[in-house]
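# Working through the structure, step by step
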Amino acid sequence: MSGEPSTQGPPADPLTETKEFWNRVATDWETQVGDDGDRNRRLNSDPVLWDFLGDVRGRHVLDAGCGTGYLSRKLHAAGALVVGVDLSDVMVAIARDHAPDLDLRVDSVSELGTLEDGRFDLVVSNYVLMDVPLLQETVDAFHRVLRPGGAAVVV
């Protein structure tokens, strides 16, 4: 009715909404993706992703939007020096449970505030950009943390 106060407050911060969503689904996501990725990743996108990444041995790689860490673990096993970041603290906790020796951080891909400029040879972002509410800021953050001549591989 007209004149009644709204029961909804101001719109929530888009990063907060995104974080809350991924925190809610983290356990189910871990089940779906597992250690090797879901069926789509294994059969379709990961082979192409690895073709673009090439040999990662000894390269500094940022897994931007690492989720529960399956790709961070695979990159590490392939010899990369990996840092994984995700906005969801629940996802990062799950990732750390699977790989406590990896550098896995709670951070927004649109800020990458825990990372210094020019640190990475590669930024990989696997099925993340479609869920990022601040796309331009994310692209800018990727550019900032890449070394000159570095590359971003996004699916």
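A brief structural summary.

## A short note on helix H2 (residues 39–53)
Over its 15 residues, H2 extends 20 Å from the first C-alpha to the last, a length consistent with the 21 Å expected when each residue adds 1.5 Å. In the structure, H2 departs most strongly from a straight axis at Ser-45, where the bend amounts to approximately 55° and where the proline Pro-47 lies between one and four residues downstream. Its buried side turned inward, H2 meets helix H1 (14–33), helix H3 (70–77), strand S4 (120–125) and strand S5 (146–154). Looking one or two residues past H2, Gly-54 carries a phi angle of roughly 70°, positive in sign.

## Concerning the sheet that holds S5
Where strands meet in a sheet, backbone hydrogen bonds hold them as pairs that are either parallel or antiparallel. Ordered by their spatial adjacency, five strands build an open sheet running S3-S2-S1-S4-S5, and the pairing between neighbours is parallel. Looking at which strands have only one partner, the edges of the open sheet turn out to be strand S3 (103–106) and S5. Averaged over all pairs of adjacent strands, the angle between strand axes in this sheet comes to 20°, irrespective of strand direction. Relative to S3, strand S2 (residues 81–86) runs parallel, the two sharing four bridges. Of the residues in S3, the one forming a bridge with Val-83 is Asp-103. Lying on the sheet, helix H4 (residues 89–98) is in contact with S2 and S3; it crosses S3 at an angle near 165°.

Rules used throughout
All chains use their own residue numbering, which begins from 1 and follows the written sequence. For a predicted model such as this one, the threshold for reporting local features is a pLDDT of at least 70, and the threshold for listing and counting side-chain atom pairs is 80 or more; totals across whole chains, interfaces and linings nevertheless cover every residue. Side-chain metrics in this entry use all non-hydrogen atoms of the structure; hydrogen atoms and water are not considered. Numbered from the N terminus, helices here are DSSP runs of H or I no shorter than four residues, and strands are runs of E no shorter than two. The span you would expect from a helix comes to 1.5 Å times its residue count less one. Here the bend at a residue is taken as the angle between two axes, fitted respectively to the seven residues that end there and the seven that start there. The contact criterion used throughout is that any non-hydrogen atoms of two residues lie within 4.5 Å. Strands were regarded as paired on the criterion that DSSP finds at least two bridges between them. Angular values range over 0 to 180 degrees, each being the angle between N-to-C directions of two axes fitted as lines to C-alpha atoms, with helices fitted over their stretch in contact.

Read these as geometric descriptors, not functional statements.
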